[in-house]
Amino acid sequence: GENVEQHPSTLSVQEGDSAVIKCTYSDSASNYFPWYKQELGKGPQLIIDIRSNVGEKKDQRIAVTLNKTAKHFSLHITETQPEDSAVYFCAASPGRAAGNKLTFGGGTRVLVKP
Amino acid sequence: GAVVSQHPSWVICKSGTSVKIECRSLDFQATTMFWYRQFPKQSLMLMATSNEGSKATYEQGVEKDKFLINHASLTLSTLTVTSAHPEDSSFYICSASPHTDTQYFGPGTRLTVL
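From a predicted model like this one, the values you see are computed outputs, not experimental measurements.

**Q** Help me out: how do you make sense of the interface of chain B and chain A in this one?
**A** Taken together, the contact between chain B and chain A spans 24 residues of the former and 21 residues of the latter. Applying the counting rule to chain B against chain A returns two salt bridges. As a salt-bridge pair, Glu59(B) and Lys101(A) come within 2.9 Å of each other at their nearest N and O atoms. At the boundary of chain B with chain A, the tally comes to nine residue pairs in polar contact (both at pLDDT 80 or more). The set of elements that each furnish at least two residues to the side of chain B that touches chain A consists of strand 4 (32-38), strand 5 (45-51), strand 9 (90-97) and strand 10 (104-105) of chain B. Here the side of chain B that touches chain A is composed, by residue class, of 10 nonpolar, 11 polar and three charged.

**Q** When you look at the sheet that holds strand 7 (residues 62-67) of chain A in this model, what are you seeing that I'm missing?
**A** Within a sheet, adjacent strands bond to each other through the backbone by hydrogen bonds, running parallel or antiparallel. Residues and elements named next belong to chain A. Pairing is antiparallel in the open sheet, where five strands are placed in the order 1-3-8-7-6. In this open sheet, the two edge strands, each paired with only one partner strand, are strand 1 (4-7) and strand 6 (56-59). Pairs of neighbouring strands in the sheet enclose a mean axial angle of 15°, with direction left out of account. In this sheet, strand 8 (residues 72-77) lies alongside strand 7 in antiparallel orientation, the contact comprising six bridges. Opposite Val64, over in strand 8, you have Leu75 as the bridge partner.

**Q** Before we go on, may I ask you to explain the sheet that holds strand 7 (residues 67-73) of chain B in this structure?
**A** All names here are of chain B. Strands sit in the order 1-3-8-7 across an open sheet of four strands; the sheet is antiparallel. In the strand order of this sheet, the two ends are held by strand 1 (4-7) and strand 7, each with one partner. Taken over all neighbouring pairs, the strand axes of this sheet differ in orientation by 15° on average, direction set aside. Looking at chain direction, strand 7 and strand 8 (residues 76-81) are connected through five bridges and run antiparallel. Each residue of the ladder has a partner; that of Leu68, found in strand 8, is Thr80.

**Q** Looking at this structure, I do not really get the pairing of strand 1 of chain A. What am I missing?
**A** Walk down a regular strand and you will see the side chains alternate between the two sheet faces. All names here are of chain A. Residues Val4 and Gln6 point to one face of strand 1 and are all buried, whereas Glu5 and His7, pointing to the other face, are not buried. Where strand 1 and strand 3 (residues 19-25) come together, four bridges link them in antiparallel fashion. Following the sheet pairing, Gln6 is matched in strand 3 by Cys23.

**Q** What am I meant to see in the packing of aromatic side chains here?
**A** As enumerated under the stated definition, the model contains 12 aromatic pairs over all chains in all. Measuring from ring centre to ring centre gives 4.7 Å for Tyr25(A) and Phe33(A), while their planes differ by 45°; the resulting arrangement is tilted. Judged by relative accessible area, which is 5%, Tyr25(A) ranks as buried. Aromatic side chains Tyr36(A) and Phe104(A) sit 5.9 Å apart centroid to centroid with 45° between the ring planes, which places their arrangement in the tilted category. Highlighted residues: Tyr36(A) in strand 4 (residues 32-38) and Phe104(A) in strand 10 (residues 103-104), separated in sequence by 68 residues. By the ring-pair criterion, three or more aromatic residues cluster together here, those being Tyr36(A), Phe89(A), Phe104(A), Tyr36(B) and Phe105(B).

**Q** Would you take a moment to explain unusual backbone geometry for this structure?
**A** Across the chain, the bulk of peptide bonds are trans and the bulk of non-glycine residues have phi less than zero. Here the amide bond leading from His7(A) into Pro8(A) is cis, since omega sits at -5°, within 30 degrees of zero. Along the chain, Pro8(A) turns up in the loop between strand 1 and strand 2 (10-14). Residue His7(B) is joined to Pro8(B) through a cis peptide bond whose omega torsion reads 0°. Unlike most non-glycine residues, Lys71(A) shows phi in positive territory, near 60°. Assignment of secondary structure puts Lys71(A) in the loop between strand 7 and strand 8. Its identity is not glycine, yet Ser83(B) carries a phi of approximately 45°, on the positive side. With respect to the secondary-structure elements, Ser83(B) resides in the loop between strand 8 and strand 9.

Thresholds applied
- For every chain, the first residue of the written sequence is number 1, and numbering continues from 1 along that sequence.
- Just so you know, chain letters begin at A and ligand numbers begin at 1, following the order they were written in.
- It should be noted that, the model being predicted, local features are given only for residues of pLDDT at least 70 and side-chain atom pairs only at 80 or more, the latter also being counted only at that level, while totals for whole chains, interfaces and linings use all residues.
- Side-chain calculation: all heavy atoms of the structure are included, whereas hydrogens and water are not.
- The criterion used for residue contact is that any of the two residues' heavy atoms lie within 4.5 Å.
- A pair is scored as a salt bridge if a Lys or Arg side-chain nitrogen falls within 4 Å of a carboxyl oxygen belonging to Asp or Glu.
- Within 3.5 Å is the distance limit for a polar contact, defined as a pair of N or O atoms, with the added protein rule that one can donate a hydrogen and the other accept it, and that residues adjacent in sequence qualify only through two side-chain atoms.
- The secondary structure listing takes helices from DSSP runs of H or I that are at least 4 residues long and strands from runs of E that are at least 2 residues long, numbered from the N terminus.
- Think of it as three bins: nonpolar holds Ala, Val, Leu, Ile, Met, Phe, Trp, Tyr, Cys and Pro, charged holds Asp, Glu, Lys and Arg, and polar takes everything else, Gly as well.
- Should DSSP find at least two bridges between two strands, the strands are regarded as paired.
- Note on geometry: axes are C-alpha line fits, over the in-contact stretch for helices, and angles between N-to-C directions span 0 to 180 degrees.
- Residue burial is assigned from relative accessible area. The probe radius is 1.4 Å, only protein chains are included, and a residue is buried under 20% of its type maximum, exposed over 50%, and partly exposed in between.
- Stacked, edge-to-face and tilted labels apply to pairs of Phe, Tyr and Trp rings (six-membered ring for Trp) whose centres lie within 6.5 Å, assigned for plane angles under 30 degrees, over 60, and everything in between, in that order.

Take a look at the structure:
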């Protein structure tokens, strides 16, 4: 089955700096890669996603890149703010046609220091 | 859009009793719903996939007789933890998927078994 590795497990950045989280996956059949933000005591919130036919996607301060050949994808947060502090999870899925199951990475705890 | 609710948000029960958790998609029809369990400071682990009108598919190691899942309509799935024990204490989160790859998560239910 799919295996998703996520690094780093914790990340501390100064407000205004950039944060980068990297994930690798093992199953070449995966073609959908969402990123979720989870605040303490809450459910995960989808912040951005990318599909295998796209190499990069950007939404304001958040961007995701995908390298299918190397089987890795990354989340970039620019101009970090204290409200970006949370746990971030990457995930991989073979898509709806193959059951839509998400395999999550281990999570990255991001702390943005004011 | 794409709002998923869960009820209750937290529940405390005695060992040996059963607890039912509801998951609803509020503004879309969900052909597939998923149930996850999350222990403190850990990632999300998929328990089962629920398709409307059919039996749930459980992940390896998840006891289907202990975690009963019913997906009675396109907007409602329920998880019943039967004969709960302290080791079942966890954060249970559902997600719902419309006719796309994307999964939208509920706010979670914290279960404490005394």
